[in-house]
Amino acid sequence: MAIYTIHAITHNKWDNSLTPILKVRSGDEVEVETKEASDGQVTPNSTAQDLNKLDFSRIHPLTGPIEVEGAEPGDALEIEFLEFRDMGWGWTGVIPGFGLLAQDQYTTPIDLAGPALKIWSVRDGKSRARFGSVDVEIPNRPFPGVIGTALPYRGRWSTIPPRENGGNMDIKQLTVGSILYLPVFVPGALLSIGDTHLAQGDGEACGTAIEAPMRVRFRVRLIKNVGLKQPIFKFNRLRELTFNEYIAYPGIAPNLWDAVKEAVKGIINILSKFMTPVEAYMLSSVAVDLKVSEVVDVPNWIVTAFFPLDIIINEDVKNELRKLIT
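Residues numbered from 1 in each chain as written. Predicted model: local features only at pLDDT ≥ 70, side-chain atom pairs only at ≥ 80, totals over all residues. Heavy atoms only, no water.

S.K.: Report on the pairing of strand β8 (residues 116-123), specifying residues and quantitative values.
M.R.: Two strands pair when backbone bridges link them, and strand β7 (residues 89-94) and β8 are joined in this way by 6 bridges, in the antiparallel orientation. Residue G93 lies in a different strand from β8, and its bridge partner there is L117. Where β8 lies against strand β9 (residues 126-131), 3 bridges are found, and the strand directions are antiparallel. Within β9, the position partnered with S121 by the bridge is R128. (Pairing = 2+ DSSP bridges. Helix = DSSP H or I, 4+ residues; strand = E, 2+ residues; numbered from the N terminus.)

This is how it looks when you write it as structure tokens:
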């Protein structure tokens, strides 16, 4: 086994003609440095107006590609996540035109379109920020928003949608203690990783999590001749809900998309007593877990949004939230 360290040498399109920046063998450990999702356009000193100037051609810088010796089409890579180290800060933003509610006419006169930006400070494994009158502290559960192998077809392809190679899956359970299996479509596999997040709610509702540069250490193993067609995962000690106390809002609608929106809007409305609605939107994106609760009782679906009270430091705010319907 060898151990390699890679600085953030990046690309931001899936392209199987890219030259690898490193060649490793099965069983090797790799530590990579990743950039946050904006490729340095957002910094700890940025303001919301800086989001209006984002160059989207730079979004999703991925460190790689990494060639795995002996990998051939039909094989699979096993990626075991060993360690994530933050760099002391992160950000969450509402970018105009992007996010779950970007195209909605919201049911109040408040505009959720953005731009809006929250800078988080990170210490002792927790991210901290203030939302209106509420101090929030979220335990970090870092993971890569984007990780994947090269695609089987030629050309340059956007990293925004998830694909058969993995890509922008934003699955927050892909943290230390989890194992990811990725299909190999081209010789060498050409693995890339980036868009690292300190924490995220299931759904990433406003379009961003706690975006952060990071150092990620993982082990790569090559599995021969398995014919994997898309990613699969294995999780250890996975808990469905990880906090002690929640308030939850069920979204009820005749399709999944609208049920999700109703659930998120319900949490935004509840939190907006203590912060601006756009702040509540951002907080939902990093902390609210969306669960499909029911799919068979036609004509309606139910998607439930779970907001953890544990992340709120202010006891008076927690008590107010507990009393909302009493």
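Structure shown, so let's carry the discussion forward.
S.K.: I'd love a proper account of the sheet that holds strand β19 (residues 301-308), names of residues and values included.
M.R.: Consider a sheet: its strands pair through backbone hydrogen bonds, and that pairing is either parallel or antiparallel. Spatial ordering of the open sheet is given by β17-β19-β18, a layout of 3 strands whose pairing is antiparallel. Sheet topology places β17 (246-253) and β18 (289-294) at the edges, where each strand pairs with a single neighbour. Going from strand to strand, the sheet's axes swing by 25° on average, the running direction of each strand aside. Bridge count for β17 against β19 is 8 bridges, and the pairing is antiparallel. Paired with A248 across the two strands is F306, which belongs to β19. Helix α1 (residues 256-271) contacts β17, β18 and β19 of the sheet and is inclined by roughly 140° relative to β17. (Axes fitted to C-alpha atoms, helices over the stretch in contact; angles between N-to-C directions. Contact = heavy atoms within 4.5 Å.)

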